[in-house]
Amino acid sequence: ISKNLPTYPGPNKMRDCYCTVNLDQEEVFRTKIVEKSLCPFYGEDFYCEIPRSFRHLAFYIFDRDVFRRDSIIGKVAILKEDLQKYHNRDTWFQLQHVDADSEVQGKVHLELRLSEVITDTVLECQGLPIVNGQCDPYATVTLAGPYRSEAKKTKVKKKTNNPQFDEVFYFEVDIQSHIFSHIYTYSLTSLCCRVDLWNASNLKFGDEFLGELRLPLKCLRQSSSYEAWYFLQPRDNGNKSLKPDDLGSLRLNVVYTEDHVFPSDYYSPLRDLLLKSADVEPVSASAAHILGEVCREKQEAAIPLVRLFLHYGKIVPFISAIANAEVKRTQDPNTIFRGNSLTSKCIDETMKLAGMHYLQVTLKPIIDEICQLHKPCEIDPVKLKDAENLENNRENLRQYVDQIFTVITKSGVSCPTVMCDIFFSLRESAAIRFQDDPDVRYTAVSSFIFLRFFAPAILSPNLFHLTPSSPQTLTLISKTIQTLGSLSKSKSCNCDLICNRFMIKRAQGRKRFGMKNFKKRWFRLTNHEFTYQKSKGDHPLCSIPIENILAVEKLEEESFKMKNMFQVIQPERVLYIQANNCVEAKDWIDILTKVSQCNKKRLTVYHPSAYLNGHWLCCKATADNTPGCTPCTGGLPANIQLDIDGDRETERIYSLYNLYMTKLEKMQEACGSKSVYDGPEQEEYSTFVIDDPQATYKTLKQIVASVKNLEQEHAQYKRDKFKKTKYGSHLK
C-alpha cells in the first residue's frame with residue numbers, strides 16, 4: 001500500500017498507479033493498476049527464487065496518465081544485506097527520488113600499482129544495467145587532484161553487460177625527488193582515481209551514465225599492487241531540492257531467505273528425524289509438529305515442511321497424521337479446518353504447489369471469457385450504473401456462477417493424485433470423528449477445495465497466473481462460490497498446462513541459406529504442444545509436440561550477447577528464445593522441463609552455447625550433430641514434477657529451529673512441568689500442544705542436538721569465508 005502520493009497536476013488530482021519489483025534495475029514483477037487514488041492499495045503477493053546475484057531489492061511507483069504514458073513517482077531500494085532487518089514485518093518506507101545519476105548497478109574489477117608511474121588496469125565489470133534494450137559499455141579513468149585532471153578511455157564493448165576490458169593506463173606522478181618529503185605525502189593523499197562507466201548511445205542526448213568509483217590513492221605504497229572488486233556508486237549531483245516525504249511512502253512486507261547449503265550428509269540426523277514424523281505417536285511429539293508449535297506463524301513452518309515431504313514422497317501420510325490429530329481435538333463439526341493451524345497451512349501450501357496447473361486448466365478458459373465479455377454483474381442497487389438493469393445483472397451473475405461451479409464439480413478426474421489422496425484422508429477422519437453428521441465428510445473437503453483453493457484464485461486471478469486483471473465481477477463470483485462451497489456436499493475433485501507470453505526467438509533455420517534473425521513471437525504451451533505465432537490468436541507458425549522436447553536448458557550469454565536466453569532442444573534443431581527477465585526465463589525452463597519430463601528420449605548432455613560459424617562455441621566441435629559437452633540439469637520426480645532441493649529445505653528448517661531456540665527450550669521446560677505436576681497448566685506453557693511430555697521431550701532433545709551441530713558447521717564456514725575475503729572485494 002502507498003500513501004500520501006503527490007497530487008497529479010490536473011483538475012482531478014488523482015493518479016492511476018502501479019508498483020514494480022526490481023532486482024537492481026531489472027523488473028521481475030508488476031502489480032495491477034489502482035485507479036484514481038493517492039493512497040493505492042495493491043495487496044499482491046509475489047514470490048520467486050532469485051536466480052542471480054543482486055545488490056538492491058527495489059520497488060518503483062509509477063503513474064499512468066490519460067495518454068497511457070508511465071512516469072516514475074519514486075522508489076524504495078533496500079540493500080541486500082539490510083533485508084533481514086525487515087524480514088516478515090510490515091514496514092513503511094519513504095519514497096526516494098529517481099534520476100539517471102542515482103540509478104546504478106554492477107561492479108568493477110581494478111588493479112592499481114605505484115612504481116615510476118601510477119598504473120591503473122581496468123580488468124572487467126559485472127552486472128551492468130541494460131539501457132533502452134542494449135548495453136555497449138566503456139570506462140573512463142581519471143587521475144584527479146587539486147592541480148590536475150587527466151582522463152583516459154577504454155574501448156567500447158558491444159552488446160554485453162559483463163564487459164572484459166583488460167586495458168592498462170599509465171599516469172605520471174613526480175615523486176622521485178620527493179619520496180621522503182612532505183610534497184610526496186601531500187601529492188598522493190590529495191590524488192584520487194575515478195572510474196566512470198558509460199553506455200555508448202546512438203541517441204542525440206549523449207551517452208548514459210552507468211556508475212562511478214572514486215578511490216583515494218593514499219592507500220598505495222611504493223611498488224605495491226592493489227587489486228579488488230568495487231560496487232559502482234551513484235553520482236552526487238547535489239540535487240537536494242525535494243524532501244523525501246514529498247513523494248509519499250510505501251508499506252512492504254519483505255520475506256527474504258538466503259541459505260548456505262552443506263552436502264547432504266550434514267543434514268542426515270535432522271532430515272531423518274523430520275521424515276519419520278508421520279510415524280510418531282502421538283504426532284504432536286514429532287519434529288515436524290514441534291516446528292509448527294515454536295514458529296511465530298504456522299506458514300513459516302508449513303512452506304519448508306511441505307516441500308521436504310513432497311520431495312521424499314511422504315506428504316500424504318504426514319498431512320493425514322496431523323489432520324487426524326486436529327480432527328480429534330475439534331469439538332464442533334462446523335469449525336473443522338477453519339482455523340490457521342499447521343494442518344490448514346500445510347494443505348494450502350500443497351495445493352499451491354501441486355494444484356497450480358489444475359487451477360489453470362479448470363478456471364482459465366471461463367475467467368478469460370468473463371474478462372473479454374465484460375458483462376455487468378453488479379446486484380447492489382446503490383452501485384448500479386446508468387442503463388444497467390438489476391434483473392439482467394443478476395442473471396449474468398447466476399450464469400457465470402453456474403458455469404464455474406459446474407467446471408469445478410466436474411474437474412475431479414483432473415485433480416492431482418496427491419490432492420485426491422489428502423482429501424480422501426480428511427473425509428475419512430471427519431466421518432469417524434463426527435459419525436452423527438453425515439455431511440461433515442464433504443464439508444471437511446469443501447472447506448479447502450472451495451474456500452481455500454478455487455475462491456482465492458477467482459478473487460485474485462493475477463496471483464495464480466490466470467489473468468493479469470481482476471475485474472469486480474470476479475469478486476462477486478468468488479463470494480458466491482465461497483457461500484456455495486460452505487454448503488457443498490460434493491466429492492473431492494494430470495492436468496492440461498497452459499502458459500502464454502510474448503518472447504523473442506531466433507529463426508530455427510529450416511532453410512539451408514538465409515539470415516537467422518530474432519523476432520518477437522507469441523508463445524503458447526499446453527500439455528500437448530509448444531507453439532509460437534506472430535500475434536495472440538494467429539495460426540501457429542511452428543508447433544513442437546511435447547514428446548519432441550529432448551531438453552530445456554539455459555543458453556550462455558556469449559552465444560548472442562543477449563541475456564535471459566534459453567534453448568528448447570529437439571531431434572533435428574534447437575529453438576533459441578529470449579525471455580523478458582531472469583525470473584521469467586527460469587519459470588519457462590522449469591515449466592517446459594516439467595511437461596517434457598517423462599519423454600523417453602530426453603538427453604543427458606547438451607551444449608550450453610550455440611552452434612555458430614561452423615562450430616559449437618562451448619566445446620569448439622565442428623559437427624552440428626556432436627553430442628553435448630555438459631550434463632543436463634537434474635531431472636524432476638515424474639510423479640510430482642516439482643523442482644525441490646531436499647537439502648535446501650532441511651537447511652531452512654534448521655534456520656527456523658535456530659531462530660526459535662528460546663521457544664524450543666521453553667517447550668522443554670513445559671514438558672518437564674507437565675511430567676512432574678498433574679495440576680493446572682502454567683500460563684506460559686499453555687500455547688504448546690503437548691500430548692505426551694516424555695515423547696515430546698525426547699524429540700526436543702534430538703532437535704536441539706542436531707541444530708547445535710549444524711550451528712557449529714555454519715560458524716566454521718563463516719570463519720573460513722572471512723579469512724578468504726579480500727579487503728575491497730565484492731563486499732566492499
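What counts and what doesn't
Each chain carries its own residue numbering, running from 1 in the written order of its sequence. In keeping with the model being predicted, local features are shown solely for residues with a pLDDT of at least 70 and side-chain atom pairs are shown and tallied solely at 80 or more, while totals for entire chains, interfaces and linings include all residues. Side-chain numbers here rest on the full set of heavy atoms in the structure, without hydrogens or water. Basic side-chain nitrogens of Lys or Arg form a salt bridge, by our definition, when they fall within 4 Å of a carboxyl oxygen of Asp or Glu. Classification of residues uses two cut-offs on accessible area relative to the type maximum, computed with a 1.4 Å probe and protein chains only: under 20% is buried, over 50% is exposed, and between them is partly exposed. The helix count covers DSSP runs of H or I at least four residues long, the strand count covers runs of E at least two residues long, and both are numbered beginning at the N terminus. Pairing between strands is defined by DSSP: at least two bridges between the two strands are required. To obtain each axis, a line is fitted to C-alpha atoms, and for helices this fit is confined to the stretch in contact; angles are then taken between N-to-C directions over 0 to 180 degrees. Helix span, expected: 1.5 Å multiplied by one less than the number of residues in the helix. We call two residues contacting when some pair of their heavy atoms lies within 4.5 Å. Each residue carries a pLDDT score, the predictor's own confidence in it, on a scale running from 0 to 100.

As annotated in an unreviewed UniProt entry, the protein chain carries the name RAS p21 protein activator 3 and is attributed to Anolis carolinensis.

The full count for this structure, using the stated rule, is 23 salt bridges. Among the salt bridges present, the one from Glu150 reaches Lys152, with a minimum N-O distance of 3.9 Å. Look at Glu150 and you get partly exposed, because its relative accessible area is 28%. The residue Glu669 makes a salt bridge to Lys666 at a minimum N-O spacing of 3.8 Å. Here the residue Glu669 and the residue Lys666 both occupy positions in helix α14 (residues 661-676), the gap between them amounting to three residues, near one helical turn. Overall, Lys666 belongs to the partly exposed group, its relative accessible area being 28%. Salt bridges linked by common partners bring Arg307, Glu649 and Arg652 together as one network.

Our next topic: the sheet that holds strand β20 (residues 551-554). Read from one edge of the open sheet, seven strands run β19-β18-β17-β16-β22-β21-β20, paired in antiparallel fashion. In this open sheet, the two strands that pair with only one neighbour each are β19 (542-545) and β20. Direction aside, neighbouring strands of the sheet carry axes that sit 30 degrees apart on average. Where strand β16 (residues 499-506) lies against strand β17 (residues 518-525), eight bridges are found, and the strand directions are antiparallel. Across the sheet, Arg501 pairs through a bridge with Phe523, a residue of β17.

When the terminal C-alpha atoms of helix α5 (residues 315-329) are compared, their 21 Å separation across 15 residues agrees well with the 21 Å that a helix rising 1.5 Å per residue should span. Within α5 the residues assigned to the buried category are Ile315, Phe318, Ile319, Ser320, Ala321, Ile322, Ala323, Ala325, Glu326 and Val327. Of the surrounding elements, those touching the buried residues of α5 are α3 (287-294), α4 (298-311), α6 (342-354) and α9 (417-433).

The share of residues in the protein chain with pLDDT of 70 or more is 87%, and the mean pLDDT across the chain is 83. This model gives residues 176-186 a pLDDT under 50, and the stretch forms nine contacts once residues within four places in sequence are excluded. In this model residues 489-495 is a low-confidence stretch, pLDDT under 50, and it forms 26 contacts with partners more than four residues away in sequence or in other chains.

The next thing to look at is the environment of Glu297. Within the secondary structure layout, Glu297 lies in the loop between α3 and α4. Judged by its relative accessible area of 41%, Glu297 is partly exposed. A sequence separation of 209 residues divides Glu297 from Asn88, and the C-alpha atoms of the two residues are 9.9 Å apart.

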